[in-house]
Amino acid sequence: MRQLLRAVVLSVIGLGSAGTALAVQPAPDGLDPVEPYLAFEEGPVLIEHVLVLDGTGAPAQPDMSVLLEDGRITRLAPSSELDVSGSVRRVDGEGRTLIPGIVGAHNHTHMPGAPLLQRAASRLYLAGGVTTIRTVGAASPIADLAMAEAAETGSALSPRVATSAPYVSGPGDAPVMVQPASEDEARAFVRRWAETGVGWIKLYRRVEPHIAAAVIDEAHAHGLRVAGHLCSLTFEEASALGIDTIEHGLVSASDFLADKPEGECIGGTVPNMAHVDAGSDAAQRVFATLVENGTALVSTLAIVESRFAYRYQGEERIVRYLAPAFQEAYEARQAQLSQSASETDASFDNALAFERAFFEAGGLLAAGIDPGRHNLPGFGDQRNYALFLEAGFSPAEALQVMTLNGARVVGREDELGSVEAGKLADLVLLEGDLIADPQAITRPVLVFLNGRAYDPAALLDGLEGQVGLQ
Ligand SMILES: [Zn+2]
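All figures in this text were calculated on a predicted structure; none of them were measured in a lab.

Right, let's talk about the overall build of the protein for a bit. When helices and strands are tallied, the protein shows 16 helices and 17 strands. The C-alpha atoms of the protein give 22 Å as radius of gyration, which agrees with the globular expectation for 470 residues (23 Å, within 12%). Considered along the principal axes of its C-alpha atoms, the protein spans approximately 65 × 55 × 50 Å. Buried residues in the protein amount to 51% of all 470 residues. Taking as baseline every contact in the protein between residues at least 6 positions apart, the subset at least 24 positions apart corresponds to 72%.

Attention now goes to the sheet that holds strand β6 (residues 102-104). Pairing within the open sheet is parallel, and its three strands lie in the order β6-β7-β8. Both edges of this open sheet fall to β6 and β8 (160-162), since each of them pairs with a single strand only. On average, each strand axis in the sheet is tilted by 20° relative to the strand beside it, whichever way the strands run.

Between two packed helices, both the angle of their axes relative to each other and the distance between the axes serve to describe the pair. The interhelical angle for the contact between helix α4 (residues 183-196) and helix α5 (residues 209-221), taken along N-to-C directions, is 35°, at an axis separation of 9 Å. Every pair of crossing elements has a handedness; the one defined by α4 and α5 is right-handed. On the side of α4, the interface is formed by Glu183, Ala186, Arg187, Val190 and Arg191, while α5 contributes His210, Ile211, Ala214, Val215, Glu218 and Ala219. Looking at the contact of α4 with α5, its residues break down into six nonpolar, one polar and four charged.

For the rest of this paragraph, the subject is the pairing of strand β11 (residues 225-228). Side chains Arg225 and Ala227 project from β11 onto one buried face, and the interleaved Val226 and Gly228 project onto a second face that is buried too. Judged from the four bridges that link them, strand β10 (residues 200-203) and β11 form a sheet pairing that is parallel. Directly across from Trp200, in β11, lies its bridge partner Arg225. In this fold, the crossover linking β10 to β11 by way of α5 has right-handed handedness. Direction of pairing for β11 relative to strand β12 (residues 245-247): parallel, over a ladder of two bridges. Each bridged residue has a counterpart across the sheet, and for Gly228 the counterpart in β12 is Ile246. In this fold, the crossover linking β11 to β12 by way of helix α6 (residues 235-241) has right-handed handedness.

The next thing to look at is the environment of Leu53. Within the secondary structure layout, Leu53 lies in the loop between β1 (45-52) and β2 (61-69). Look at Leu53 and you get buried, because 26 C-beta atoms sit within 10 Å. Sequence separation between Leu53 and Arg311 is 258 residues; the distance between their C-alpha atoms is 28 Å. Residues in contact with Leu53, not counting those within four places in the same chain, are Ala60, Thr97, Ile99, Pro395, Ala396, Leu399 and Leu434.

All right, on to the packing of helix α13 (residues 379-390) against helix α14 (residues 395-402) then. Two elements in contact, α13 and α14, have axes separated by 9 Å at closest approach and are oriented at 140°. Classed by the angle they form, the pair α13 and α14 counts as oblique. The two elements α13 and α14 cross, and the hand of that crossing is right-handed. Across from Asp381, Asn384, Tyr385, Phe388 and Leu389 in α13, the residues of α14 making contact are Pro395, Ala398, Val401 and Met402.

Moving on: the confidence of the model for the protein. This prediction gives the protein a mean pLDDT of 92; 93% of its residues lie at or above 70. Residue range residues 1-22 is modelled with pLDDT below 50. Its contacts to residues more than four positions away, or to other chains, number 16 contacts.

Attention shifts here to helix α2 (residues 118-127). Buried residues dominate α2, accounting for ten of its ten residues. Every buried residue of α2 is listed here: Gln118, Arg119, Ala120, Ala121, Ser122, Arg123, Leu124, Tyr125, Leu126 and Ala127. Looking at the packing, one finds that the buried side of α2 touches β6, β7 (130-134), α3 (141-153), β16 (444-449), β17 (452-454) and α16 (456-460). Positioned one or two residues after α2, Gly129 has a phi angle of 90°, which is positive.

The rules behind these values
Residues numbered from 1 in each chain as written. Predicted model: local features only at pLDDT ≥ 70, side-chain atom pairs only at ≥ 80, totals over all residues. Helix = DSSP H or I, 4+ residues; strand = E, 2+ residues; numbered from the N terminus. Rg over C-alpha atoms; globule rule 2.2 N^0.38 Å. Buried ≥ 20, exposed ≤ 12 C-beta atoms within 10 Å, placed from the backbone. Contact = placed C-beta atoms within 7 Å. Pairing = 2+ DSSP bridges. Axes fitted to C-alpha atoms, helices over the stretch in contact; angles between N-to-C directions. Left-handed = near helix turned anticlockwise from the far one by under 90°. Nonpolar A, V, L, I, M, F, W, Y, C, P; charged D, E, K, R; others polar. Right-handed = clockwise from strand over helix to strand, strands pointing away. Parallel < 35°, antiparallel > 145°, perpendicular 65-115°, else oblique. pLDDT = per-residue confidence, 0-100.

Structure follows, in structure tokens:
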């Protein structure tokens with residue numbers, strides 16, 4: 001009803017043309033205001049009798065109570081021991097699971113064909129339980145900086161954002177990517193972006209090794225960190241240069257390509273995935289190098305999965321949020337996939353095993369989604385959870401990868417990423433028991449950011465057919 005009233009009002013004042021009525025007036029910086037999406041007024045909240053999966057990898061704790069005050073988790077104890085008097089909003093956690101807000105460590109505010117998704121992505125991420133994102137390669141870095149500030153001050157709707165500069169690549173890559181001609185130019189690029197306040201530089205597949213080395217050195221000298229979607233550099237080479245995170249897992253590992261020319265990217269690495277054994281000496285050596293150098297690996301299993309015709313290809317409840325042109329592209333792609341060979345090979349299983357083996361080797365593994373195709377903000381993060389379980393992670397381990405490990409990657413593990421007293425109140429209340437029912441990850445009933453409670457249904461309401469347009 002609320003949507004309908006808005007549509008009527010907007011069409012009267014002439015903004016509702018072409019069937020793309022804006023759901024709300026944008027806040028001054030181009031983002032949505034917060035108020036329409038809040039589940040209830042601000043103030044202390046006590047979540048009672050809830051199953052807590054705290055994000056640290058520890059076992060779930062049943063029948064807990066959690067007190068949120070002034071944007072922080074102030075108390076956490078068995079319900080029988082936590083006695084709170086005074087004015088507090090009580091939320092029944094019976095039959096529900098409380099988890100940390102998801103930290104999406106490779107979660108852009110753009111996707112192919114849609115460079116400016118800030119508004120829709122903010123709603124989708126929060127509705128999906130994602131309270132922090134690392135953009136790791138930006139199409140619109142200044143807009144992302146505005147989001148980051150809005151999230152911390154609460155002035156507009158946005159998840160927290162670890163921001164990044166535009167992509168840096170090498171000759172022959174997409175024109176939208178910066179391709180420094182010299183090390184001096186690469187260093188000047190880093191200094192210029194450091195001044196804006198971004199936190200990360202993203203290296204892309206064709207970057208030349210000496211340019212990568214200059215970027216990493218200059219970034220570290222200015223307190224920035226560097227992520228890489230690799231190809232010209234192997235995981236071992238980039239780790240030795242001091243890169244902070246490597247993206248996408250096995251799909252971008254050129255370490256295992258036979259006859260790879262040094263420093264060059266020779267096409268896709270996907271065909272190679274079918275032949276990489278995570279238990280092999282070669283793979284174990286890569287893991288040991290990354291662990292020794294403190295290089296994190298950021299998984300993007302949901303988008304990797306979408307490459308394979310025989311795997312999950314989205315569903316109507318997700319696709320309906322896409323703008324019409326993107327829905328058409330989705331349907332065309334599904335028709336094409338259904339005609340392609342449907343036999344399986346070992347590629348995707350190997351990708352799962354690679355990440356599990358890295359984790360078991362003591363590596364810092366985080367997760368994100370790299371939005372695209374039907375892999376939408378929030379929904380894709382939820383899909384990752386199912387894929388980690390398939391890869392052999394326990395529920396507590398899968399959640400740790402998606403929460404506390406992400407907070408470690410963005411350098412905020414002291415204040416984010418787990419359900420612990422003293423931390424910021426970024427939390428997700430799920431309908432159901434996440435241990436007994438993995439699908440509970442798809443059912444957030446309240447999403448807390450800075451202690452404010454958002455209503456996922458309100459965040460999604462009216463967004464159908466919009467993603468790609470706003
Ligand atoms: Zn990406």
